[in-house]
Amino acid sequence: MIERKVTVESKVGLHARPAALFVQTAAKAPMEITVAKPGGIPVNAKSILSLLALDARRGEQIVISADGEGAEQILDDLAALVAEDA
Amino acid sequence: MTRVLAPVRGRVVGLAGVPDPLFAQAMVGPGTAIDPVREPGEAVAPIDGRIVKLRPHCYVVLGAEGHHGILVYLGVDTVELKGTGFELLAAEGDRVVAGQPLIRWNPAEVAAGGRSPVCPVIALDAGIEALSDVAVPGDIECGGALFTWT
């Protein structure tokens, strides 16, 4: 399993626009992708419902995980989205 | 199948009537929107279920079967109000029935502050083809039939 630990920089947290962009990006990848708060239960990164329920706020860390062909690239893309104040 | 009720009284305008591309372009998901009457009122649960998220400006109710989550926003950019003018009438984790008041607010005040009080009602993780019987543009009562999610 490959992981990226990243701090949420959007001032609204991983909600609204950042959440929608995150899910749209994750959904393009063929493999399973999960997102969790450190030590928390991983949820489906392709589900907007899961992301809203996760409620990651600005300044909080999340861990994004995936496996398989192309996982490095998709995790880099997702981490970049989370790390920008969009 | 989930029957989704109007969380507020007003006029159905569709997602195209939301002055925010995030909703107007259905980036969050399919659904519709209601331009609420400009008077103090209560926003209610659109379905039976459990409140998984409750913020002053938005909430998510997850249906009993666990996979139909409905997101309701109370106005555009109302997150900036940081809760001022919104009174929570329930709590995250609460089991609620459709029509149960969740937030007291005043769309007229939101509009007076220069923001749109239009309320998007979104089916989360749904494809557009999953929605049917979407209310046609026009007046709708709070608790009126808004759309069906199959």
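For the structure, see preceding data.
Now for a description of the structure that goes with this document.

Conventions we followed
- In every chain, residue numbers begin from 1 and rise along the written sequence.
- Just so you know, chain letters begin at A and ligand numbers begin at 1, following the order they were written in.
- Where local features are concerned, this predicted model is filtered to residues with pLDDT of at least 70; where side-chain atom pairs are given and counted, the filter is 80 or more; whole-chain, interface and lining totals use all residues.
- Just so you know, side-chain values use all the structure's heavy atoms and leave hydrogens and water out.
- Note on conventions: DSSP H or I runs of at least 4 residues are helices, E runs of at least 2 residues are strands, and numbering of each starts at the N terminus.
- In this description the radius of gyration comes from C-alpha coordinates, and the expected globular size is given by 2.2 Å times residues to the power 0.38.
- Accessible area is worked out with a 1.4 Å probe on protein chains only. A residue is then buried under 20% of its type maximum, exposed over 50%, and partly exposed in between.
- Residue contacts are counted whenever heavy atoms from the two residues lie within 4.5 Å of one another.
- For every accessible area listed, the method is Shrake-Rupley and the probe measures 1.4 Å; residues are considered covered only by the protein chains on display.
- In this count, Lys and Arg are taken as positive residues and Asp and Glu as negative ones, while His and the chain termini are left out.
- To locate a charge, the coordinates of NZ of Lys, CZ of Arg, CG of Asp or CD of Glu are taken.
- Criterion used throughout: strands pair if DSSP finds at least two bridges between them.
- We define buried area as the total accessible area lost by two parts upon association, computed with a 1.4 Å probe and summed across both.
- When a carboxyl oxygen of Asp or Glu lies within 4 Å of a side-chain nitrogen of Lys or Arg, that pair is called a salt bridge.
- Any pair of N or O atoms that falls within 3.5 Å is considered a polar contact. Within protein, one atom must be able to donate a hydrogen and the other to accept it, and sequence-neighbouring residues count only if both atoms are side-chain atoms.
- Side-chain classes are defined by residue name, with Ala, Val, Leu, Ile, Met, Phe, Trp, Tyr, Cys and Pro counting as nonpolar, Asp, Glu, Lys and Arg as charged, and the others, Gly among them, as polar.

With that settled, the discussion passes to the overall build of chain B. Counting its secondary structure elements, chain B contains 2 helices and 14 strands. Computed over the C-alpha atoms, the radius of gyration of chain B is 14 Å, within 12% of the 15 Å expected from 2.2 N^0.38 for a compact globule of 150 residues. Dimensions of chain B, computed from the C-alpha atoms along their principal axes, are close to 40 × 30 × 25 Å. Buried positions account for 53% of the 150 residues belonging to chain B. For chain B, the proportion of contacts with a sequence separation of at least 24, taken over those separated by at least 6, is 69%. Entry remark: accessible area of chain B is about 6300 Å², with carbon and sulfur atoms responsible for 51%. Side chains of chain B give 11 positive and 17 negative charges; the mean places of these two sets differ by 4 Å.

Bringing the side chain of B:Thr2 into the picture now. Residue and element names in this part refer to chain B. Note that Thr2 resides in strand β1 (residues 2–5). Thr2 gets classed as buried once you look at its relative accessible area, which sits at 8%. Beyond its immediate chain neighbours, meaning those up to four positions away, Thr2 contacts Ile47, Glu65, His68, Phe147, Thr148 and Trp149.

We now examine the sheet that holds β1(B). All names here are of chain B. A sheet is described by the order of its strands in space; here 3 strands give the open sequence β1-β14-β12, paired in antiparallel fashion. Each end of this open sheet is capped by a strand with a single partner; those strands are β1 and β12 (131–132). Bridging between β1 and strand β14 (residues 145–149) involves 4 bridges; their strand directions are antiparallel. Bridging across to β14, Leu5 finds its partner in Ala145.

Let us look at the pairing of strand β5 (residues 49–55) of chain B. Residue and element names in this part refer to chain B. Of all 7 residues making up β5, 6 are buried, and the element is well covered by its neighbours. Here β5 pairs with strand β9 (residues 95–96) via 2 bridges, running antiparallel. The partner of Gly49 across the bridge, within β9, is Val96. Bridging between β5 and strand β6 (residues 58–62) involves 5 bridges; their strand directions are antiparallel. Opposite Arg50, over in β6, you have Leu62 as the bridge partner. The hairpin turn running from β5 into β6, its antiparallel successor, is 2 residues long.

Turning our attention to the interface of chain A and chain B. Chain A puts 15 residues into the contact, and the matching count from chain B is 16 residues. When chain A packs against chain B, close to 1300 Å² is buried across both sides, 63% of that on carbon and sulfur atoms. Note that A:Arg17 is salt-bridged to B:Asp20, the shortest N-O span being 3.4 Å. Joining chain A to chain B, the criterion identifies 7 residue pairs in polar contact (both at pLDDT 80 or more). Elements with a minimum of two residues in the side of chain A that touches chain B: α1 (16–27) and α2 (48–54) of chain A. Tallying contributions element by element places α1(A) first for the side of chain A that touches chain B, with 5 residues. Looking at the side of chain A that touches chain B residue by residue, the class counts come to 8 nonpolar, 3 polar and 4 charged.

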